[in-house]
Amino acid sequence: MTTRLTTLSNGFRIVTEHMPGLQSASAGIWVMAGGRHETAAQNGIAHFLEHMAFKGTKRRTALQIAEEIEDVGGYINAYTSREMTAYYARILKDDVALALDVIGDIVLNPAFDPKEIEVERHVILQEIGQALDTPDDIIFDWLQEVSYPDQSFGRTILGPADNVAGFARADLQTFVKDNYGPAQMILSAAGGVDHDAIVKQAEAIFGGLTARPQKASQPATFKGAERREVKDLEQVHFAMAFDAPGYRHPDVYAAQVYSMVMGGGMSSRLFQKIREERGLCYSIFAQSGAYEDAGQITVYAGTSAEEIGDLCRLTVDEMKRAADDMTEAEVARARAQIKAGMLMGLESPSSRAERIARLLAIYGRVPDIQESVAKIDAVTTADVRGYGEGLCAADNAMALYGPVDAAPTLEEIRQRLAA
């Protein structure tokens, strides 16, 4: 695999990874503008803008956008995260130029037709309603809010319904003007791609953009609190978050290994202790998430109203115990799982395109895969135990949804962790 990077004079970056023998490719634009780049009044607009990209441009109707990609058997989509918005397509290698022309058009020339804004406003309000009706989705929005209260990093990606109901064409245009500069965009492509041809096309599409500074986002500061929402559900949905390192911090790899040991699979501690031995839940997992200046270790489970107390207490006890007796075998298994997941993902052009875009945004370069593997391999059992011990003393937050009366409070959780 060959990774190549070219930066245009205005700061626009093109990164590609050629995968010999592939007849397909994935290509897209990753914009370093997401939920955390919004003000409170703008919350939800990055996601709204993502929707509007497919609703027509100065050259294409919404139907033409879909047809041009699907006529050649391709697939086009987008997503919004807290730090990025991505517009991407999966196509055959002979159709890369077509995909880039369409994606460049929807990113640079959205029509923002007032009629289409009203249609998509209704669609997003339905999406918000669907999220509110999905307990194991909405609880993570609430957990984020209580982890980072009154901060852009803690707000939902979809935004509140009141905001969405009020966004106008000028609001969308302002967000694009402030956040869609050439230095904030990365064109990433992987698979059967020709770097030089892509650079030539990118120069034609994006080379004329005027460089401009990106507005700084609000720093993220973990300030854990608790949210309990009482509702007559079949289960209590429980989620807990711990302050963790951002992706440039040296402890980020220990955090990944720790979360994998605790709840990354069927052999993990929480799965074995709480589901397999005690039968207290159907699903329980832990995961590690890292961002520019923040991160979280998150634990989630769903259980009955009668058993939520035992589940919470056992979760805390297992986290404390792991800081003392985590074994070499557990750490080795977690390292293997992380590496395997990463390496298996490299077989997909879509995963590769996203990986190199994200790494370039984070580090300003694309580290070789062996560099990442070496950092994972370097994590020792002592590192993970030490990380686990510090985590039990770190700030934490909790969200509960359902018949929550028997659940312990966050203060009780904290006292048990400290005991």
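As the structure is a computational prediction, the values presented were derived from the model and not from experiment.

Take Thr 57: it is sitting in the loop between α1 (45-52) and α2 (62-70). Residue class for Thr 57 comes out buried when judged on its relative accessible area of 9%. Within the structure, the side chain of Thr 57 is placed 3.0 Å from the backbone nitrogen of Arg 59, a separation counted as a polar contact. Separated by 2.7 Å, the side chains of Thr 57 and Asp 105 make a polar contact. Non-local contacts of Thr 57, meaning those with residues more than four positions away in its chain, are made with Ile 65, Asp 105, Ile 106, Asn 109, Pro 110 and Ala 111.

Attention now moves to the packing of α2 against helix α3 (residues 96-108). Taken N-terminus to C-terminus, the directions of α2 and α3 make an angle of 160°; their axes are 10 Å apart at the nearest point. In terms of axis orientation, α2 runs roughly antiparallel to α3. Crossing of α2 against α3: the hand is left-handed. Across the interface between the two elements, Ile 65, Glu 68 and Ile 69 of α2 pack against Leu 98, Ala 99, Val 102 and Ile 106 of α3.

With 49 residues, the main nonpolar core has Phe 12, Ile 29, Tyr 87, Ile 106, Tyr 180 and Leu 187 as its most contacted residues. Among all residues touching Leu 187, those that are not within four sequence positions of it are Phe 12, Arg 13, Ile 14, Val 15, Gly 28, Ile 29, Leu 100, Ile 198, Ala 202 and Phe 206.

Attention now goes to the sheet that holds strand β6 (residues 185-191). Sheet strands pair by backbone hydrogen bonding; their relative direction is either parallel or antiparallel. In spatial order, the strands read β1-β2-β6-β3-β5-β4; together these 6 strands make up an open sheet with mixed pairing. Only two strands of the sheet have a single neighbouring strand rather than two, namely β1 (2-7) and β4 (75-80). Neighbour to neighbour, the strand axes of the sheet diverge by 15° on average, direction disregarded. Along the sheet, α3 contacts β3 (24-31), β4, β5 (85-92) and β6; its crossing angle with β5, the most-contacted strand, is approximately 160°.

A few words now on unusual backbone geometry. Positive phi outside glycine occurs at Phe 112, with the angle close to 50°. Looking at where Phe 112 falls in the secondary structure, it is placed in the loop between α3 and α4 (114-132). The phi torsion at Asp 150 lies on the positive side, around 60°, for a residue other than glycine. Tracing the backbone through its elements, the reader meets Asp 150 in the loop between α5 (135-147) and α6 (161-166).

Let us now look at the pattern of salt bridges. The final tally for this structure, using the stated rule, is 28 salt bridges. Here Glu 318 and Arg 321 are joined by a salt bridge, their closest N and O atoms 2.3 Å apart. Within this pair, Glu 318 and its partner Arg 321 are both found in helix α11 (residues 308-325), separated by 3 residues, close to a single helical turn. Among the ionic contacts, a cluster of salt bridges with common partners joins Arg 59, Arg 60, Glu 68, Asp 101 and Asp 105.

Our next topic: the packing of helix α9 (residues 252-263) against helix α15 (residues 381-392). Running from N to C, α9 and α15 cross one another at 85°; their axes reach a closest spacing of 9 Å. As the angle between them shows, α9 and α15 are arranged roughly perpendicular. Listed contacts from α15 to Ala 254, Ala 255, Val 257 and Tyr 258 of α9 are Asp 383, Val 384, Tyr 387, Gly 388 and Leu 391. Broken down by class, the residue content of the contact of α9 with α15 amounts to 7 nonpolar, 1 polar and 1 charged.

On to helix α12 (residues 328-345), then. End to end, α12 covers 26 Å across 18 residues, agreeing with the expected 26 Å (1.5 Å per residue, within 8%). The complete set of buried residues in α12 reads Glu 330, Val 331, Ala 334, Arg 335 and Ile 338. One side of α12 holds all its buried residues, which, seen down the axis, span an arc of 135°. The outward face of α12, more than 90 degrees from its buried face, is lined by the exposed residues Glu 328 and Met 344.

Each value, and the rule that gives it
Residues numbered from 1 in each chain as written. Predicted model: local features only at pLDDT ≥ 70, side-chain atom pairs only at ≥ 80, totals over all residues. Heavy atoms only, no water. Helix = DSSP H or I, 4+ residues; strand = E, 2+ residues; numbered from the N terminus. Buried < 20%, exposed > 50% of the residue type's maximum accessible area, 1.4 Å probe, protein only. Polar contact = N/O pair within 3.5 Å; in protein donor to acceptor, adjacent residues only side chain to side chain. Contact = heavy atoms within 4.5 Å. Axes fitted to C-alpha atoms, helices over the stretch in contact; angles between N-to-C directions. Parallel < 35°, antiparallel > 145°, perpendicular 65-115°, else oblique. Left-handed = near helix turned anticlockwise from the far one by under 90°. Core = buried A, V, L, I, M, F, W, Y, C linked by side-chain atoms within 4.5 Å. Pairing = 2+ DSSP bridges. Salt bridge = Lys/Arg side-chain N within 4 Å of Asp/Glu carboxyl O. Nonpolar A, V, L, I, M, F, W, Y, C, P; charged D, E, K, R; others polar. Expected span 1.5 Å × (residues − 1). Arc of directions from axis to C-beta.

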